Amino acid sequence: MDVVNQLRRQFVDYYTSLHREGFVDDQFTQLQKLQDENSPDFVVEVASLFFEDCEKLINNMARALEQQQRVDFKQVDASVHQLKGSSSSIGAMRVKNVCIAFRSFCEAQNREGCLRCLQQVTHEYSLLKNKLQTLFRLEQQILAVGGSIPVVE
Amino acid sequence: MARNGAVTWWRRTEKIDGFDLSPTDTEAVHVLAVDDSYVDRKVIERLLRISSCKVTAVDSGRRALQFLGLDEEKKSNGFDGLKVDLIITDYCMPGMTGYELLKKIKESSAFREIPVVIMSSENVLARIDRCLEEGAEDFIVKPVKLSDVKRIKECMNREFRVGEGERERERGRGGINKRKLRESCELSSSSSSSPSSQSPSPSPSILSASAPCSPSSLDSPTRRLKMTISE
C-alpha cells in the first residue's frame, strides 16, 4: 500500500510542477477529467496526436524558412497558426506562447525572428514531450500496482 | 457501395464505440463535428461523447456536406436515416471555411433547421457577428471545454421546447432576434423559474460588454462570447 501512495504522491507533485512551470495549463486538466474507464487512454492518445502534429508542422516551418530569398511567410504562418491551435486545445501553454510570438514575426516578415521562434518551439516541444512521457510512465506504474490515478485540481 | 471519406469516418466511429446508429434511437443527440485538426477532432469527439451525444467527426466542410448528402458531386450514400441534430464546426479550415459551410447549410431547405455552432481560436467580434447573422446558433472560442458543450446541449433542448414556430418568425427577422432568443435562453438557465427538467448551471463567463477585438485574445478571460444586443 505504501508503494501506491508513494507513486500517487510522486504523480501529484510532478503534475503540479508541470502546471507551476507553465508546461501545461488548465486545458490539460480539463482533458484529464475527460478520461475514464470508457476512455482510459484518452490523454495519451491526444498527446501522441499532438506530438505527431508538432513534428509535421515544425518540419513545414523549417522548410519554408530555409529559403534564403522570398520566404513564404504566409505558409509559415499557416503552420504556426495550426500549431497554436492544437497546443491550445491540449493545454501546452509554453508551446502556445511561442506560437503567439512566432505569428508576430511572420506578420512582420522577420526571418531572423522566425528562425529564433522555430528554435524555441522545437525546444519547448521536446521538453514537453519528455515531461509528459514521464507523467504517463508514472500513471502506468500506479495502475500496475493496482492504484488509481489521482485527480489534481 | 461507394466509399468516400464520410463513409470511412462513419464506420470508424461505429467500430470504435460499437454505437448502433439506428435511426430508431431518438434519445441521444447526434452531432456532426467538423474540424481539420486531428487533435481538435479528438477532443471535441470526447467532449461530445461524455455529454451523451453521438458523434460523427469529419475533417472538412466538403466531407460534412457529403455526409449530409448535400455535395453536388457525390450524392448521399443512403444515410438519410441518420438524422443530424447539431453541427459544430471550426471556422478556419482549408478549402471550405466553417462560415462557408454554415451558409451552405442555411441555404439548404433540407438542413437549414439544423443548429450550427462555430468554433474559433480567434475571438474577433466581426467574425462572430458575421456568423451569427448568417444563422449560427452560437460561437465558441477555442479551446473548447466541457462547460461549452453542456451549455450548447442545454440550450438546444430548450429551443426545441420553445417551438419551431417561434424560430421561423425569428429567422424572418434576421440575425438580431436569434440573439434575443439565445439571451432569454441563458437568462432562464440562470433563474430557477424555468419549468425545464434540466438542471442547468449558470455559466460563469457570461459577458454583457463587447469582447476585445484583438485576435490575440487567448489570454482574455472570456473564452466565449455571449451574444449581446448589437451596439
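Under an unreviewed UniProt entry, the name given to chain B is Two-component response regulator ARR6-like, and the organism recorded is Durio zibethinus.

Naming follows an unreviewed UniProt entry, where chain A appears as Histidine-containing phosphotransfer protein of Durio zibethinus. Heading Function (unreviewed entry) of the UniProt record for chain A holds this comment: "Functions as a two-component phosphorelay mediators between cytokinin sensor histidine kinases and response regulators (B-type ARRs). Plays an important role in propagating cytokinin signal transduction."

As a further point, take unusual backbone geometry. Residue and element names in this part refer to chain B. Here the amide bond leading from Lys142 into Pro143 is cis, since omega sits at 5°, within 30 degrees of zero. Positionally, Pro143 belongs in the loop between β5 (138-141) and α6 (146-162). Its identity is not glycine, yet Ser52 carries a phi of approximately 65°, on the positive side. With respect to the element layout, Ser52 can be found in the loop between α2 (38-50) and β2 (53-58).

Right, let's talk about the pairing of β5 of chain B for a bit. Residues and elements named next belong to chain B. Here β5 shows two buried faces, one formed by Asp138 and Ile140 and the other by Phe139 and Val141. Note that strand β4 (residues 116-120) and β5 share four bridges and pair parallel. Across the sheet, residue Ser120 finds its bridge partner in β5, namely Val141. Of the crossover connections in this fold, the one passing from β4 over helix α5 (residues 125-133) to the parallel β5 is right-handed.

Under the feature "domain: HPt" (unreviewed entry), the UniProt entry names residues 39-142 of chain A. Taken end to end, residues 39-142 of chain A is 87% helix and 0% strand, and its first and last C-alpha atoms sit 17 Å apart.

This part covers the interface of chain B and chain A. On the side of chain A, 24 residues touch chain B, which itself brings 19 residues to the contact. Buried surface at the junction of chain B and chain A, both sides included, amounts to about 1800 Å², of which 63% is carbon and sulfur. Taken together, the connections running from chain B to chain A amount to four salt bridges. Its salt-bridge partner being Glu122 of chain B, residue Arg103 of chain A comes within 3.7 Å of it at the nearest N-O pair. Counting across the interface, chain B meets chain A through eight residue pairs in polar contact (both at pLDDT 80 or more). Here the side of chain B that touches chain A gets eight residues from one element, more than from any other, and that element is α2 of chain B. Counted by class, the side of chain B that touches chain A contains 10 nonpolar, two polar and seven charged residues.

Each value, and the rule that gives it
- Residues numbered from 1 in each chain as written.
- Chains lettered and ligands numbered in written order.
- Predicted model: local features only at pLDDT ≥ 70, side-chain atom pairs only at ≥ 80, totals over all residues.
- Heavy atoms only, no water.
- UniProt positions renumbered as here; feature names shortened; annotations may be inferred.
- Helix = DSSP H or I, 4+ residues; strand = E, 2+ residues; numbered from the N terminus.
- Buried < 20%, exposed > 50% of the residue type's maximum accessible area, 1.4 Å probe, protein only.
- Pairing = 2+ DSSP bridges.
- Right-handed = clockwise from strand over helix to strand, strands pointing away.
- Contact = heavy atoms within 4.5 Å.
- Buried area = accessible area lost by both parts, 1.4 Å probe.
- Salt bridge = Lys/Arg side-chain N within 4 Å of Asp/Glu carboxyl O.
- Polar contact = N/O pair within 3.5 Å; in protein donor to acceptor, adjacent residues only side chain to side chain.
- Nonpolar A, V, L, I, M, F, W, Y, C, P; charged D, E, K, R; others polar.

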